[in-house]
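# Coordinates in review
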Amino acid sequence: MEKNKLFSIFCKPKQFVDISLISVASINTTNIIVDVEDDASVDDAMPVKAVHEPTQDVQCDINDILDLGDIDSGPATPILDAYPKTCFGSQNRAFTSALFKQFDWLEYSISKDSVFCYACRTFGTNKCKSEETFTTKGFNNWKKISGSKGKGKNSKSKLEIHSSTLNHLTCMAKWSAHKKSKSTGSVYTLLSNAKHEEVIKNRNYIKCIIDIILYLSRQGIAFRGHQEDSNSLNQGNFKEACKLFFKNNPDFQINYEKYINYTSPTTQNIIIDICSNHVRDYIINEVKKAQFYSIMCDEARCHKEEQMSVCVRYTKNFEVFERFIGFLNVSEKQDAESLSNAILNFLKFCKFDHVPIIGQSYDGANVMSGRKGGVQAKMIKHYPYATHIHCMAHKLNLIVVDMCKNVNVSSYY
C-alpha cells in the first residue's frame, strides 16, 4: 500500500490552466520559473531580474535623457568605478568603459543604464527605423553587446554589426564633416571667406587705381592719350601708369587684364568726382568749425562756357587757409543778379550758408564790385558783415600792365 502511494505521485495527472482566463495584469513576472529542457548554455536562457530587469530595447523619450552628449559636447563617455550589474542566468554582467576606446561613437546614459550611438542619434534621420535601438530606445543587453552573432571565428558583436550598417556610416561621415567644419569652417563659411578674400583683392585694386588718379590730378598731368588701344605704343599717362603698377603687383595685373578693369574715361571721371566731393566735404567741415569765413570769386571763359571759380578763406589754429571748393556754370547770364544767385545757391548746396561771411573779394569789374548794383552789394543784403575788398592779385596785375606800357625796355621782353 505504501508502495502504491509512493509511485502515485508520478502517476498524478497534470492540471492544465486556461491561459485565456488569466489577465495579463495579474501575472507576476518575478515568480515565473523557466524550465530549460535542452542542454543549452545558461546564457541563452531568459535573464532573471537581479539588480533590475534587462531588456534588449529600452523604450524611452530621448529628449528626457539629460546625460547624453549634444552636437557641441560630443558623445557622453562617463568613466565609473563600477557600472550597474544585471543578472543573466547565473552571471552578473555590466557595461565596460573599454568599449569607448573601441567604438568612438558609443555613449552611455547613467540614468537609463543604456548605450546609444551618438552619430546616429545626432546626425541621423527619422527614416531609418532599423536603428531605433541605438537612437531612441537604448540598448542594455550586456550579454550581447560584446558577444557574437552567428557561428565561427568571423562572427561579429552587436556593436560591430551596427558600425557596419549604411545608415551608421552615413551618420559618421556627417559627424566627421561637422568636426572638420569647426577647424576649417562650414561650407557657408568657406564660401564667405573666399568671397571676403575676393572683395579684399578688388578693393586693393581699386585703391591702386585711385592712387594713380590722385597722383595725375595733383601733378596736373593729362590722363588720356591719342590712341589707347592695345596696339598703341603710348596709351596715355593713366594706362601707362597702370602698366607700371602691375610689373611688381601680380594681383593688380590679374584684375587689370580682365575685360572689366575700371579704367575707362567714364570710370576715371566718376572717381575724380568722388575724390573732389570728399575733399570739398572736408573743407566744408573746417569752415563750419571756424564759424566764419570770406569768399573769393572770379569768372573766366573756357570752351565757350562761362565758369566762375569759388574759393573760401578761413582760419584754423591761428593759421590762414585759402581753399578752392568748386566751379559754377554761369553761361546763361553774367549780370550781377544771376551771379549773386549762383553764389548763394552754391553756398546753400555746401550747407554752410548759415555760417557768417565777414569778407568778399572780386576783380574790379563793375558787375562784381559795383557799390550799388554789383555782386558785392547784393551779397551784403544777405551777409551784412561781408566787407568788400578789391582782389590784391587783380590789383597787382593792373599795376604790372600799366608799368609795362610806360617802360620802353619792356618791349624787349
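Residues numbered from 1 in each chain as written. Predicted model: local features only at pLDDT ≥ 70, side-chain atom pairs only at ≥ 80, totals over all residues. Heavy atoms only, no water.

### Examining the packing of helix α11 (residues 336-349) against helix α13 (residues 375-382)
Contact geometry of α11 with α13 gives a least axis separation of 9 Å together with a crossing angle of 45°. As judged from the angle between their axes, α11 and α13 are oblique. For the element pair α11 and α13, the recorded crossing hand is right-handed. Between α11 and α13, the contacting residues are Ala336, Glu337, Leu339, Ser340, Ile343 and Leu344 on the first element and Val375, Lys378, Met379 and His382 on the second. (Axes fitted to C-alpha atoms, helices over the stretch in contact; angles between N-to-C directions. Helix = DSSP H or I, 4+ residues; strand = E, 2+ residues; numbered from the N terminus. Parallel < 35°, antiparallel > 145°, perpendicular 65-115°, else oblique. Left-handed = near helix turned anticlockwise from the far one by under 90°. Contact = heavy atoms within 4.5 Å.)

### Concerning the packing of aromatic side chains
Overall, the coordinates contain 19 aromatic pairs when judged by the stated rule. Ring geometry for Tyr83 against Tyr108: centres 5.2 Å apart, planes inclined by 85°, an arrangement best described as edge-to-face. A residue pair is termed long-range when its members are at least 10 positions apart, and Tyr83 in the loop between α1 (2-11) and β1 (85-88) and Tyr108 in strand β3 (residues 106-109) qualify at 25 residues. Comparing Tyr83 with Tyr108 shows no difference in burial state: the two are buried. (Phe/Tyr/Trp six-rings, centres within 6.5 Å; stacked < 30°, edge-to-face > 60°. Buried < 20%, exposed > 50% of the residue type's maximum accessible area, 1.4 Å probe, protein only.)

### Quick word on the pattern of salt bridges
Scanning the model with the defined rule gives 7 salt bridges in all. We note a salt bridge from Arg121 to Glu107, for which the minimum N-O separation is 2.7 Å. Taken together, the positions of Arg121 in helix α3 (residues 118-123) and Glu107 in strand β3 put the pair 14 residues apart, joining distant regions of the chain. Judged by relative accessible area, which is 0%, Glu107 ranks as buried. Where Lys316 meets Glu286, a salt bridge forms, and the shortest distance between an N and an O atom there is 2.8 Å. (Salt bridge = Lys/Arg side-chain N within 4 Å of Asp/Glu carboxyl O.)

### Notes on the pairing of strand β7 (residues 319-329)
By the bridge criterion, 10 bridges tie strand β6 (residues 305-316) to β7 in an arrangement that is antiparallel. For Cys311, the partnering residue across the bridge sits in β7 and is Phe324. Hairpin connection between β6 and β7: a loop of 2 residues separates the two successive antiparallel strands, and Asn317 in this loop has a positive phi of roughly 55°. (Pairing = 2+ DSSP bridges.)

### Quick word on the sheet that holds β6
Within the open sheet, the 5 strands sit side by side as β7-β6-β5-β8-β9. Their pairing is mixed. The open sheet has two free edges, formed respectively by β7 and β9 (387-390), since each of these has just one partner strand. Across the sheet, the axes of successive neighbouring strands diverge by a mean angle of 25°, strand direction being ignored. Together, β5 (293-302), β6, β7 and β8 (357-362) form the strand contacts of α11, whose direction differs from that of β7 by roughly 115°. Helix-sheet contacts for helix α14 (residues 392-406) involve β5 and β9, and the interaxial angle to β9 is about 30°.

### Considerations on the pairing of β1
Note: β1 against strand β2 (residues 91-94), 4 bridges, orientation antiparallel. Opposite Lys85, over in β2, you have Ala94 as the bridge partner. Taking the residues that link successive antiparallel strands as the turn, the β1-β2 hairpin has 2 residues, and the phi of Gly89 there is positive, at about 70°.

### Brief notes about unusual backbone geometry
With the exception of glycine, the majority of residues adopt a negative phi angle, and the majority of peptide bonds are in the trans configuration. Within the chain, Tyr262 stands out as a residue other than glycine whose phi angle is a positive 60°. Tracing the sequence through the fold places Tyr262 in the loop between α9 (250-256) and α10 (265-290). What makes Tyr262 partly exposed here is its relative accessible area of 47%. Positive phi values are uncommon outside glycine, yet Gln291 reaches one of about 75°. Mapped onto the elements, Gln291 comes out in the loop between α10 and β5.

### Thoughts on the environment of Cys117
Looking at where Cys117 falls in the secondary structure, it is placed in strand β4 (residues 114-117). A relative accessible area of 0% places Cys117 in the buried class. Considering only alpha carbons, one finds Cys117 and Trp105, 12 residues apart in sequence, at a separation of 5.7 Å. If we skip the residues at most four places from it in the chain, Cys117 touches Trp105, Glu107, Phe134, His162 and His168.

### Considering the side chain of Asp363
Here Asp363 shows up in the loop between β8 and α12 (366-369). Polar side-chain contacts of Asp363 include one of 3.3 Å to the backbone nitrogen of Ala365. (Polar contact = N/O pair within 3.5 Å; in protein donor to acceptor, adjacent residues only side chain to side chain.)

### Here's the deal with α10
Between its first and last C-alpha, α10 extends 37 Å over 26 residues, near the 38 Å set by a 1.5 Å rise per residue. When we look at burial in α10, the residues that qualify are Thr267, Gln268, Ile271, Cys275, Arg280, Ile283, Ile284, Glu286, Val287 and Ala290. Gln291 sits one or two residues past α10 and shows a positive phi near 75°. (Expected span 1.5 Å × (residues − 1).)

### Focus on the side chain of Glu107
Of the polar contacts made by the side chain of Glu107, one reaches the backbone nitrogen of Gly69; its length is 3.3 Å. Here the side chain of Glu107 touches Arg121 through a polar contact of 2.7 Å, side chain to side chain.

### Details of the nonpolar core
Ranked by size, the top nonpolar core spans 31 residues in total, and within it Tyr293, Phe352 and Met379 carry the most contacts. When contributions to this core are tallied by element, the ones reaching two or more residues are α10, β5, β6, β7, α11, β8 and α13. Residue contributions to this core peak at 6 residues, all from α11. When neighbours within four sequence positions are excluded, Met379 is seen to be in contact with Ile295, Ser340, Ile343, Leu344, Ile357, Gln360 and Tyr362. Counting 22 residues, the second largest nonpolar core, distinct from the first, contains Phe100, Phe103, Val115 and Cys120. (Core = buried A, V, L, I, M, F, W, Y, C linked by side-chain atoms within 4.5 Å.)

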